[in-house]
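So you can see what is in the structure, the chains are spelled out below.
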Amino acid sequence: MPSPSKKRSTKSTSKNRKSFPLSRGQEPLVENLETAHYRCHFPRCGGVCCKNGRPGVTPEEINCIEKHLKKFLPLMRPEARKKLEKLGFMTKRFKDGRKTMALSHGWCIFNHDGCVLQKVGMAEGDKWKYKPHICVLFPVDSVDGREEQWFIRQKGYRVEGWDELYCLSRTLTEKKPARESIKDELEYLKSFCRKHCR
């Protein structure tokens, strides 16, 4: 299965990351917000968006996961935990200038019947407390890695490379406007951009 992100170089570094300032009070631009449709189908889909993705993670997110790692270990798949204890949970690859999360048997190392990071966060009253921003924001993605402009991934839109994914393959017939179905994610995007897109 193709990667969930558009094809991008894995050799990029933080020096060539495209980031532009937002003016005070300016909201991030989501170019197809008014026309996009989307509905998450988890757990019916099996959580396939956590497969083969290797999300790019910020240094702050890496530090947060490392600091609370003991909370996640008991919930991990045995083979994933074994890999983490031997090699860690990050790879040497880069995506959009950020280090990427490791896989275990093709799945995110923290996937076990859903996201372990989110499960722990939910138990503590904040479901996205430990989850990387790129995972929280799906299906919202930045345009060519430029964090002042975003779009909602849709089948056939911007040469989508993962449109056989259960949720994305149904966007052409989905009736639910993305503005409604991912309103929490869109609010999170505003918060993320206030911290990082300037």
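Our subject is the structure listed above.
Calculation rules
- Residues numbered from 1 in each chain as written.
- Predicted model: local features only at pLDDT ≥ 70, side-chain atom pairs only at ≥ 80, totals over all residues.
- Heavy atoms only, no water.
- Helix = DSSP H or I, 4+ residues; strand = E, 2+ residues; numbered from the N terminus.
- Buried < 20%, exposed > 50% of the residue type's maximum accessible area, 1.4 Å probe, protein only.
- Contact = heavy atoms within 4.5 Å.
- Areas by Shrake-Rupley, 256 points an atom, 1.4 Å probe, with all protein chains shown as cover.
- Salt bridge = Lys/Arg side-chain N within 4 Å of Asp/Glu carboxyl O.
- Phe/Tyr/Trp six-rings, centres within 6.5 Å; stacked < 30°, edge-to-face > 60°.
- Lys NZ or Arg CZ within 6 Å of the ring centre and 35° of its normal.
- Core = buried A, V, L, I, M, F, W, Y, C linked by side-chain atoms within 4.5 Å.

Asker: When you look at the overall build of the chain in this model, what are you seeing that I'm missing?
Answerer: When you go through the chain residue by residue, the secondary structure sums to 7 helices and 7 strands. Put simply, the chain has 198 residues, and 46% of those count as buried. Restricting to contacts in the chain with at least 6 residues of sequence separation, those with at least 24 account for 73%. Of the roughly 11100 Å² that the chain leaves accessible, carbon and sulfur atoms contribute 52%.

Asker: Can you help me understand the pattern of salt bridges in this one?
Answerer: A side chain of one charge can pair with a side chain of the opposite charge when the charged atoms of the two come close. Here the structure, examined in full by the defined rule, presents 11 salt bridges. Residue arginine 158 pairs with glutamate 31 through a salt bridge whose shortest N-O separation is 2.5 Å. Residue arginine 158 is located in the loop between β7 (146–152) and α6 (178–181), and its partner glutamate 31 is located in the loop between β1 (29–30) and α1 (59–67); the two are separated by 127 residues in the primary sequence. Between glutamate 34 and arginine 179 there is a salt bridge, and its shortest N-O distance comes to 2.1 Å. Of this pair, glutamate 34 sits in the loop between β1 and α1 while arginine 179 is found in helix α6, placing the two residues 145 residues apart along the sequence. Shared partners join several salt bridges into a network, and the residues in it are Lys71, Glu124 and Lys129.

Asker: Which parts of the structure should I look at to understand the packing of aromatic side chains?
Answerer: One pair of aromatic rings is described through two measures. These are the centre distance and the angle between the planes. This structure, assessed with the given rule, holds 7 aromatic pairs. Plain terms: the ring middles of phenylalanine 72 and phenylalanine 110 are 6.0 Å apart, the flat faces sit at 75° to each other, and that makes the pair edge-to-face. Note that phenylalanine 72 is positioned in helix α2 (residues 69–72) and phenylalanine 110 in the loop between β5 (107–108) and α4 (116–123), a separation of 38 residues in sequence. The burial state of phenylalanine 72 is the same as that of phenylalanine 110; both residues are buried. Grouping aromatic residues by their ring pairs yields a cluster made of Phe72, Phe89, Phe110 and Tyr130. Across the ring face of phenylalanine 151, the terminal group of arginine 158 is positioned such that the distance to the ring centre comes to 5.7 Å. For the cation-ring pair, arginine 170 lies above tyrosine 166, with the distance from its terminal atom to the ring centre recorded as 3.6 Å.

Asker: So what exactly am I meant to see when it comes to the nonpolar core here?
Answerer: Core analysis: the biggest nonpolar cluster contains 23 residues, and Val140, Trp150 and Ile152 have the highest contact counts within it. Secondary structure elements with two or more residues in this core: α5 (133–137), β7 and α7 (183–196). Once residues within four sequence positions are removed from consideration, isoleucine 152 is found in contact with Val30, Asn32, Leu33, Ala36, Pro139, Val140, Tyr157, Ala178 and Ile182. One finds Met76, Ala102, Leu117 and Val120 within the second-largest nonpolar core, a separate group that totals 21 residues.

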